[in-house]
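The residues making up each chain are set out below.
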Amino acid sequence: MLSSYTPIGKNLIQFESIGSTNDYATELLSKSNPTDGTVITASFQTTGHGQFDRKWESKQGENLLLSLILYPHFMPTDQQFTLSMVTVLSIIDYLKDKNITAKVKWPNDIYVENNKIAGILIKNSIVGSKINSSIIGIGLNINQKKFESNVHSTSMSLETGSNFDVTKCLSDFCLFFEQIYNDQKSGSKMDLYATFEPLIYGLNEKITLQKNQSETDMIIKGIDGYGRLKLVDNQNQASYLTHGEGTIIYKTAK
Ligand code: BT5
């Protein structure tokens, strides 16, 4: 059976200021059934956050802050990483369209050289062996030029020297996401893994893995079918890292 097409952002909920678009999406999902592909966006977030409640900074009206609600019932839970890949690839493709070359710092931070340009926060609700609903939070730096964050940051404006219309950026980005997502939904044979792998920040480079109080030099070799990071040590022994299992120290990072 062919799944129905999901338009992204056709149902658009916009705020001037809100706590967090992700928190709003969570609340909305808990008490209603928002349309598949609903996008919640805000000009400003008072409590915008990343993982582990880390702060997401964004000056009023300067950047893209959005949360997207999906019902990816077609996706088995062991393929959850597909959603990360769809999101990462749509951001990277969108940036490429603006002549910005970006990479993905595994699993889902978007970097231009050594500077973070976008962050992704995905929350899935699992029922049985299927993903019942998903909230995909995206913060993409567009016009902001100065950042307080301890992480080296950049924006589309810093990369290109131009200013962008944030509303247009939102509608354009939604189209990129819509295409890749629906392609997967309709059972595309497009190999997301093969597209994703060459875009990994630090691919084929030496890194130090900090895990269980020890440090090991490894080389990043790609990802496996579950989205785990494939690493090899100096004996060419492969191991697979699940997100949150260890810390990677990149040699190239500033
Ligand atoms: C992320 O978390 O990178 C995911 C961020 C998701 C933000 C979106 S905005 C819309 C939606 N609503 C929300 O409340 N959240 C989502 P994480 O990997 O934990 O990275 C957070 C870290 O990135 C912070 O601790 C800072 O070091 C750094 N950071 C904060 N703001 C940044 C920015 N604008 N640009 C680059 N890095 C930033």
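Residues numbered from 1 in each chain as written. Predicted model: local features only at pLDDT ≥ 70, side-chain atom pairs only at ≥ 80, totals over all residues. Heavy atoms only, no water.

Q: Whenever I open this one, the overall build of the chain confuses me. Can you help?
A: Helix and strand counts for the chain stand at five helices and 12 strands. Computed over the C-alpha atoms, the radius of gyration of the chain is 18 Å, within 12% of the 18 Å expected from 2.2 N^0.38 for a compact globule of 254 residues. Across its three principal axes, the chain shows a C-alpha extent of roughly 55 × 50 × 35 Å. Looking at the 254 residues of the chain, the share that counts as buried comes to 48%. Counting only carbon and sulfur atoms, one obtains 48% of the accessible surface of the chain, whose full area is about 12800 Å². (Helix = DSSP H or I, 4+ residues; strand = E, 2+ residues; numbered from the N terminus. Rg over C-alpha atoms; globule rule 2.2 N^0.38 Å. Buried < 20%, exposed > 50% of the residue type's maximum accessible area, 1.4 Å probe, protein only. Areas by Shrake-Rupley, 256 points an atom, 1.4 Å probe, with all protein chains shown as cover.)

Q: What is the right way to read the sheet that holds strand β8 (residues 206–211) from this model?
A: The strands that make up a sheet are held in pairs by hydrogen bonds between backbone atoms, and each pair lies either parallel or antiparallel. Overall, antiparallel pairing links the five strands, which are arranged β11-β10-β9-β8-β12 in an open sheet. Two strands close off the open sheet at either side, each with one partner strand: β11 (238–241) and β12 (247–250). In this sheet, neighbouring strand axes are inclined to one another by 45° on average, regardless of whether the strands run parallel or antiparallel. With six bridges connecting them, β8 and strand β9 (residues 214–223) associate as antiparallel partners. What sits directly across from Thr208, in β9, is Asp217. (Pairing = 2+ DSSP bridges. Axes fitted to C-alpha atoms, helices over the stretch in contact; angles between N-to-C directions.)

Q: Where do I start with the pairing of β9 in this structure?
A: The side chains of a regular strand alternate between the sheet's two faces. The antiparallel hairpin formed by β8 and β9 contains two residues in its connecting segment, where Asn212 sits at a positive phi of about 45°. One ladder, built from four bridges, connects β9 with strand β10 (residues 229–232); its direction is antiparallel. In the strand pairing of β10, Ile223 is matched with Leu229.

Q: Sorry if this is basic, but what is going on with the nonpolar core here?
A: Soluble globular proteins tend to bury their nonpolar side chains together. Membership of the largest hydrophobic core comes to 57 residues, with the highest contact counts inside it found for Ile91, Leu95, Ile110, Leu140, Met156, Phe177 and Ile223. Tallying contributions element by element places helix α2 (residues 81–97) first for this core, with 10 residues. Apart from the residues within four sequence positions on either side, Ile110 is in contact with Val88, Ile91, Ile92, Leu95, Ala102, Lys103, Val104, Asn115, Lys116, Ile117, Ala118 and Ile120. Formed by eight residues, the second largest nonpolar core is a distinct cluster that contains Ile13, Leu28, Leu29 and Ile135. (Core = buried A, V, L, I, M, F, W, Y, C linked by side-chain atoms within 4.5 Å. Contact = heavy atoms within 4.5 Å.)

Q: Would you explain the packing of α2 against helix α4 (residues 166–185) in this entry?
A: The geometry of a pair of packed helices is captured by two quantities: the angle between their axes and the separation between those axes. For the pair α2 and α4, interaxial distance at closest approach is 9 Å and the crossing angle is 135°. In terms of orientation, α2 lies oblique with respect to α4. Crossing of α2 against α4: the hand is right-handed. For the pair formed by α2 and α4, the contact residues are Thr82, Leu83, Val86, Thr87, Leu89, Ser90, Ile91, Asp93, Tyr94 and Asp97 on the first element and Cys169, Asp172, Phe173, Phe176, Phe177, Ile180, Tyr181 and Gln184 on the second. Within the contact of α2 with α4, the residues separate by chemical class into 11 nonpolar, four polar and three charged. (Parallel < 35°, antiparallel > 145°, perpendicular 65-115°, else oblique. Left-handed = near helix turned anticlockwise from the far one by under 90°. Nonpolar A, V, L, I, M, F, W, Y, C, P; charged D, E, K, R; others polar.)

Q: Would you explain the site of the ligand in this entry?
A: If you check the shell around the ligand, you find 27 residues, and the closest are Ser20, His49, Arg54, Lys116 and Asn150. For the ligand, an oxygen atom lies 2.8 Å from a polar atom in the side chain of Arg54. At 2.8 Å from a nitrogen atom of the ligand is found a main-chain nitrogen or oxygen belonging to Glu57. Within the complex, 96% of the 790 Å² of free accessible area of the ligand lies under protein. When residues of the shell around the ligand are traced back to their parent elements, those giving at least two are α1 (21–31), β3 (64–70), β6 (115–127) and β7 (130–140). Class assignment of the residues belonging to the shell around the ligand gives a composition of seven nonpolar, 15 polar and five charged. (Near = heavy atom within 4 Å. Polar contact = N/O pair within 3.5 Å; in protein donor to acceptor, adjacent residues only side chain to side chain.)

Limitation: the analysis is restricted to geometry and does not speak to function.
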